[in-house]
Structures are given as C-alpha cells and as structure tokens.
Amino acid sequence: MSEPKPPSPPSGDTYKGWLFKWTNYIKGYQRRWFVLSNGLLSYYRTQAEMGHTCRGTINLATANIAVEDSCNFVISNGGAQTYHLKASSEVERQRWITALELAKAKAIHMQAESGCRNSEIQSTLRTLNSKVEDLSTCNDLIVKHGSALQRSLSELEGIRVGGDMGEKIRQVTERATLFRITSNAMINACRDFLSLAQTHSKRWQKALQTEREQRIRLEETLEQLAKQHNHLERAFRGATVLPPSFSNPTLGNKGGVSGKGDASDEDDDNEFFDAMEDPAEFITVPFDELSLTSNPESPQPLDIEPVRQRRTRIPDKPNYYLNLWSIMKNCIGKELSKIPMPVNFNEPLSMLQRLSEDLEYYELLDKAAKCQSSLEQMCYVAAFTVSSYSTTVNRTGKPFNPLLGETFELDRLRECGYRSLCEQVSHHPPAAAHHATSEKGWSLRQEITLASKFRGKYFSIMPLGSIQCMFDKSKNHYSWKKVTTTVHNIIVGKLWIDQSGEIDVVNHRTGDRCHLKFVPYSYFSRDVPRKVTGVVTDKDGKAHYVLSGTWDEKMEFSRVMQSSKGENGTEGKQRTVYQTLKAKEIWRNNPLPEGAENMYYFSSLALTLNEPEEGVAPTDSRRRPDQRLMEEGRWDEANTEKQRLEEKQRTVRREREREALKAASSPEEGAHQDNYQALWFEQIDDPISGEKMHVYKGGYWEAKEQGSWDMCPDIF
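Summary of the structure given here.

Rules behind the numbers
- Residues numbered from 1 in each chain as written.
- Predicted model: local features only at pLDDT ≥ 70, side-chain atom pairs only at ≥ 80, totals over all residues.
- Heavy atoms only, no water.
- Helix = DSSP H or I, 4+ residues; strand = E, 2+ residues; numbered from the N terminus.
- Buried < 20%, exposed > 50% of the residue type's maximum accessible area, 1.4 Å probe, protein only.
- Contact = heavy atoms within 4.5 Å.
- Areas by Shrake-Rupley, 256 points an atom, 1.4 Å probe, with all protein chains shown as cover.
- Salt bridge = Lys/Arg side-chain N within 4 Å of Asp/Glu carboxyl O.
- Pairing = 2+ DSSP bridges.
- Axes fitted to C-alpha atoms, helices over the stretch in contact; angles between N-to-C directions.
- Core = buried A, V, L, I, M, F, W, Y, C linked by side-chain atoms within 4.5 Å.
- Disulfide = S-S within 2.5 Å.
- Phe/Tyr/Trp six-rings, centres within 6.5 Å; stacked < 30°, edge-to-face > 60°.
- Lys NZ or Arg CZ within 6 Å of the ring centre and 35° of its normal.

## Observations concerning the overall build of the protein chain
Check the secondary structure of the protein chain and you find 15 helices and 26 strands. A total of 716 residues make up the protein chain; the buried ones form 41% of that total. Sequence-distant contacts, at least 24 apart, represent 57% of the contacts inside the protein chain between residues at least 6 apart. By element, 53% of the accessible surface of the protein chain is carried by carbon and sulfur atoms, the whole surface being about 40200 Å².

Rendered as structure tokens:
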C-alpha cells in the first residue's frame, strides 16, 4: 500500500485529507477520507464514496476542537457526535487544527451575518406592511367621499334653478362624473396592488420562517442520514450476534464502544451491532394512506400494458384584441346563451369537456369508496365537490356551447380506473347530462342546465340541476347542487372569477349532511379569499367533522370533540364554537403545467381533453371543426365555421318542429313542439330530487367496441 499523501496547507474554503478515526474496540482506528467545506466537516470511507455516501457530518459553528497529544485531537458538538481523530504526524495534526479553527470562525461569522440579514428583511416587511395599510385607508376614504359627492350632486340636480346656475351645475356634474370614472380606475388599481402586496408579504414571511426551520432541521438530520444508510445496509444483509468476548465487562469499564465509536462508521466486512447501540435509531418506514387502504385481495398484474402518453401542450393563445363592450352593451339583462359570441372570448373546449373536468380529483372518490365510516366518507365527498372549482380560478374564457346531440367521452379506465360520457340533451334551455363509473366502486351522474345573466359590470352563471354520487359497497347515495359563478370586471379592469353560495351534500341512506359555505370575495373582508367552510352532521344534527380551506388551493378536515354556543354573529345569529382535533389535509390542488398562462390556464387534464383520439363517436367534441380551428390559432376561420354550425343546427330544429306539427292532432297541440330525444340518455322522474333528470341508458361503450356509429346524427 502506498503511503498516505499528506494534505496540502489550508487554503480557500475546502480542505481534504486522510485521518484515522476511532470506530470501536474491535476495529480500533480506521483510515477515513475527511472533507472540510463551507463550515462542515464530513467523512467518507474512501474518496470514491464522496459522490453518494457520506458517513457523518459536524457543523463547526457549534463544535468544540480539543488537542489530546502530539497526533490526536477530538471534535465534538456537545451532543451525540464526537470524533476521536489521529493524524500521521504532529505537523499534519497542526494543519488540520488550523484549518478547522479558521473554518469555525468563518462559520460563526456567517451565522451572525445571516441573523442580521433576517432582521433587516423583517424590518423591511414591517415597513411595507405599514405603507400598505396607509394605502388601504386612503382607498377607503376615496370610496366614502366619492359616494358622498355623488349623493350631493344628485340632490343638486333635483333643484330647479335659472339658466346660468343650471349650466354651472351641469358642468360640475360632468366634472364629478369624470372624477368618479378616474377614481374608480384608481380604486381598481389600488385593489390589485393591495392584493399583490399582501400576498407577497405573507409569502416572504413564510419563506423566511421556512428557511430558518429548514436550516435547523438540516443540521440535526445530516448526521442521522449517514447512520440510517448504514442501518439499512445492515438490515438488508442481516447481522450476526457479537462474540462472547465482546461483552467482556472489563471493556465496558474502559469506556464502552459509545465513548469513542460512531454508529455510522462501519467497514464492509463488519457484520455486528455495537453493544451499546440504541435500537431506536433504526430507520422507521412510514406507510402513506394509500398503502394502508389498498385492497390486498386485488393484486396488480405484473404484465401491465404501457399507458398512453398524452400531450402536455397546445398552441399558445394568439393575441387578438376585440372590444367586449361593443358586443355586449346592448345585451344587458339577456341570457348569456342567447348572445352571439365570437370565439375570441372562448377557450378551445366545449361545455361538455369542462363538465368532465369535475373528475380532475377522482382520487377523492376512490378514497371515499374505501371508508368504513359514512361520516368520514362524507368528508371526502364534500372535498370532491369543492375540488371541482379549483380549475376555474384563472379560466376567464367561455367554453363552446355544445350543439344538440354533441357528446364527449373521457376514457381513463386503464390509467385511473374510470370513464365518463357527456351528451347535450337539450338546446333550449341548454342542458348536458353526464355519467361516470369507476372500477373502484363509485359512480357519478349529473344534469346541468346553465342560467346566466349579464349585469353590465359582471355576469353570473347559475348551474341548475342535481349531482349524485353512489357507492357500490355501502349503498350510500349522495346528492348536491353547484354554487353560482360570477365573472367580474367585464367592462374595465382585469377579469376575475368568484364562487359564492351554499351547498348541502346529503347522504340519502343515512341522513348525514355536510353544509358548505363559499364565502363571496369582499375587498373590506379580512377573510382569506375564496374561503370555504363546512360542517358534517349526522341525521340528529350532531356535528362530527369541520372542514375549512379555499376552493382554489386545499381543504382540511378536523374531528369535532365538543361543540358549544358562542356569541351572536354579525347578523344576530348565534354562532357555534367547535373544539376539534388537529386538522388534516384532505385535498390539495395540482400545480398548473409550465406555460399555462399562454394556454388558457388549462390544467394538465384539460390539456388532454381536446387531443384527437381514434374510435370516439362522430358527435364527440374533439371532432368539432370550429373548436379545432380555434385551438390551432386560426380564429377567423373558426368564427366562420361556428356560424355555419349554428345555422345548420337552427335549420335541423325548424325541420324537427315542422314534423312535430304535422304529427299533432291539432295545430294548437303541435305548436312549438320539439320531438328531440337524446341518444345515450333517457329522462326519468328522479326519486331523490323529485325532478326530471336524464340518466345514462347504456349502449355507448358497446357501440364504441364494435365501431358501429350508424345511429349518431350528423351535427358537424
């Protein structure tokens, strides 16, 4: 063996070399490769291990360095980490001591500087927060004084005066109107700035705190990592018991293995545990929720077919400008579905595809199907109802109104265990039916009719109809309705979307209920934007779980231990105070794909919905030509094609009405009749909601398997 090469004198921030490290009383001192870098002293069994296996690390900022004799020295952090080291000569030992002392001084200095920087950032954040509060106060005063000025001017207009005075009042009114328009624009800008500043302030503070915590955790965990790596290796290859001579009490009186040895420092041929080693340090493997609830009776086949790779991009949205106000100013108060809208305000998806996006977080229903408790299952179903709104937060584009008879299939049986079918079953009023089934033991059905009104500054979309979810194993049958969606700043400012209203999710088998409240956004409210709260109660009204979160980010649920009546709320209603266990996260939104802002803010699922697919019905939304042209960025051609399709639909409807009129016994009975029948759904009297509802009657997937679509109408 060649002689160890002595380390070079300390220079720069890194120092490396061989040292002998005490391991235990059987092996004694062992040669190890040590690296001093960035205030950390780490060691490896060989130089080759540097790329993958660190055996231990000490942070010098908190370490003590002591010289024992001419060649030996000790480094300890005052806790479990103590390295007894020996250099090959006194000169070499002195080089290491010098390098270690310099690195320690620098690490302590950097730690102090970091504390100063943190203090400076905190001070800046406090100043910024103070200025934001000042701006908020000024904003409130402008709103207050502007309203008072408008009232005074309205009172002046009611006074009958002479010509000159009337002209002056008219001029003052005009100037006040201009001031009001300008101040409204400023108020909008202030609100955006305030929202941005508040968001970033919280984010910075949170990031700062996270950095501090991560640094502490890193220092505490670094050494344990090396230990755990060795424990895993031992557990894998199996360890033999120690020879009787090792348990000699005279050795224990000499200080024991733990006095100088280190649990993470073992040779390749060592097949024993240190006598004084704490078995609690062995790594613990946690099981996540999915692994605990998986069904052992259904093993996955080893030969799995490769899953289709679906697209992750669509063409970027072109930058077309069109004045929305010029189109909509004469439509105030009308149904939105009756306003002829160009594709410039659309997104390249139909309402049927948008409805299928409700299944974005299907895993919540998979987990609900495994729940033994109906009350716990209700929490997952309630979280699923909230999750369906998360994809809408930036989706200001209007989906294409489906043509009558248009369909959309979402077959994710191989990837996710479910498939669904949507069909446009009525044109006036526009209504879509949706049916989904899963191999995990649940099914979902809904019929949605959209009522919408344009109010000038905003328009509201009120979904009508019932959504129902059934579970095969428990026979639990849930139903609920959707809340109102509002698109704000139609005329001026940046479009933004809000969800507001209340949802009652009801389990019709047990009587369990979850009351969800979507809090409408208010500039003056101190609540978190997009806030959702909910309480799960049994048939007797006793609360068992509390849900809270936001409809765009996450939901948590907590088990209720005790409830009591509190003080009256702002509306005079008595509030209930719940004492709960620690909240657990039940749902979190998926991050948007990279570049989503240029792709209509589509989620990863939404990007795949309009991807061309073989074997789908000729009425499928993927085959719609105007929607396909729009996705490709050819908007002028898409608008022409959209007009053609809508005129074709009107012609077919007039022909249907004429046939219905001829078939009627009298002109009065046949007037305005439309004998259209949905192809894959049939209308029934729903026993749950008491309303008429379209339910899937079967046949679609069989027709797809046979490739037989002769019964489909020619709608494109």
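Having seen the model, we can carry on.
## Observations regarding helix H8 (residues 363–370)
Taken residue by residue, H8 has Leu364, Leu365, Asp366, Ala368 and Ala369 as its buried positions. On the buried face of H8, the contacting elements are helix H9 (374–387), helix H10 (413–416), strand E12 (430–438), strand E13 (442–454), strand E15 (467–471) and strand E24 (584–588).

## A word on the pattern of salt bridges
Taken as a whole and assessed by the stated rule, the structure comprises 37 salt bridges. One salt bridge connects Glu611 with Arg308, and the closest N-O pair in it is separated by 3.5 Å. Separated by 303 residues along the polypeptide, Glu611 in the loop between helix H11 (604–609) and helix H12 (625–631) and Arg308 in the loop between helix H5 (289–293) and helix H6 (324–328) bring together distant segments of the chain. Among the charged side chains, a network of salt bridges with common partners joins Arg308, Arg310, Glu415, Glu611, Glu613, Asp620 and Arg622.

## A word on the sheet that holds strand E5 (residues 64–67)
Strands sit in the order E4-E3-E2-E1-E7-E6-E5 across an open sheet of seven strands; the sheet is antiparallel. Because the sheet does not close on itself, it has two edges, and the strands there are strand E4 (56–59) and E5. The mean inter-strand angle of the sheet, taken between neighbouring strand axes irrespective of direction, is 35°.

## What to know about the nonpolar core
In terms of nonpolar packing, the biggest core is built from 65 residues, with Trp442, Leu444, Phe471, Trp480, Val505, Leu516 and Phe518 touching the most fellow members. If you tally residues by element for this core, the top one is H9, at nine residues. Leaving out residues up to four positions away in the same chain, Phe471 has contacts with Leu365, Ala368, Ala369, Gln377, Val381, Gly441, Trp442, Asn476 and Tyr478. By size, the runner-up hydrophobic cluster in this structure holds 20 residues, among which are Leu19, Ile58, Ala87 and Ala99.

## Section: unusual backbone geometry
With an omega of -5°, the peptide bond running from His428 to Pro429 counts as cis. On the secondary structure map, Pro429 appears in the loop between strand E11 (418–427) and E12. The backbone of Arg530 shows a phi angle near 65°, a positive value even though the residue is not glycine. Here Arg530 shows up in the loop between strand E19 (513–518) and strand E20 (531–537). Arg530 gets classed as partly exposed once you look at its relative accessible area, which sits at 30%. Positive phi outside glycine occurs at Tyr600, with the angle close to 65°. Locating Tyr600 in the fold gives a position in the loop between E24 and H11.

## Overview of the state of the cysteines
A complete count under the given rule lists zero disulfides for this structure. Counting only cysteine sulfurs, Cys379 is the nearest neighbor of Cys371, a cysteine outside any disulfide, at a range of 8.3 Å.

## A short note on the packing of aromatic side chains
On inspection of all chains with the given rule, the structure shows 20 aromatic pairs. The interplanar angle of 70° and the centroid separation of 5.2 Å between the aromatic rings of Trp18 and Trp33 together place this pair among those described as edge-to-face. Linking Trp18 in strand E1 (residues 14–24) with Trp33 in strand E2 (residues 28–37), this pair joins segments that are 15 residues apart in sequence. Judged on exposure class, the residue Trp18 and its partner Trp33 are both buried. Each residue in the set Trp680, Tyr700, Trp701 and Trp709 is aromatic and connected to the rest through ring pairs, giving one cluster. Geometry around Tyr29 places Lys86 over its ring, the cationic atom sitting 4.6 Å from the centre. Above the plane of the ring of Trp551 lies Arg530, whose end atom (NZ or CZ) is 5.9 Å from the centre.

## As for the side chain of Ser460
Positionally, Ser460 belongs in strand E14 (residues 459–464). Note on Ser460: relative accessible area 11%, which makes it buried.

## Regarding the pairing of E19
Every regular strand shows the same layout, with side chains that alternate between the two sheet faces. Side chains of E19 alternate between two faces, with Cys514, Leu516 and Phe518 buried and Arg513, His515 and Lys517 left unburied. Sheet topology note: the strand E18 (residues 496–507)/E19 ladder contains six bridges and is antiparallel. Among the inter-strand pairings, Asp504 is bridged to a residue of E19, identified as His515. If you look at the hairpin formed by E18 and E19, you'll find five residues sitting between the two strands, and Gly511 has a positive phi there, around 90°. In this sheet, E20 lies alongside E19 in antiparallel orientation, the contact comprising six bridges. Looking at the pairing, Phe518 lines up with Val532 of E20.

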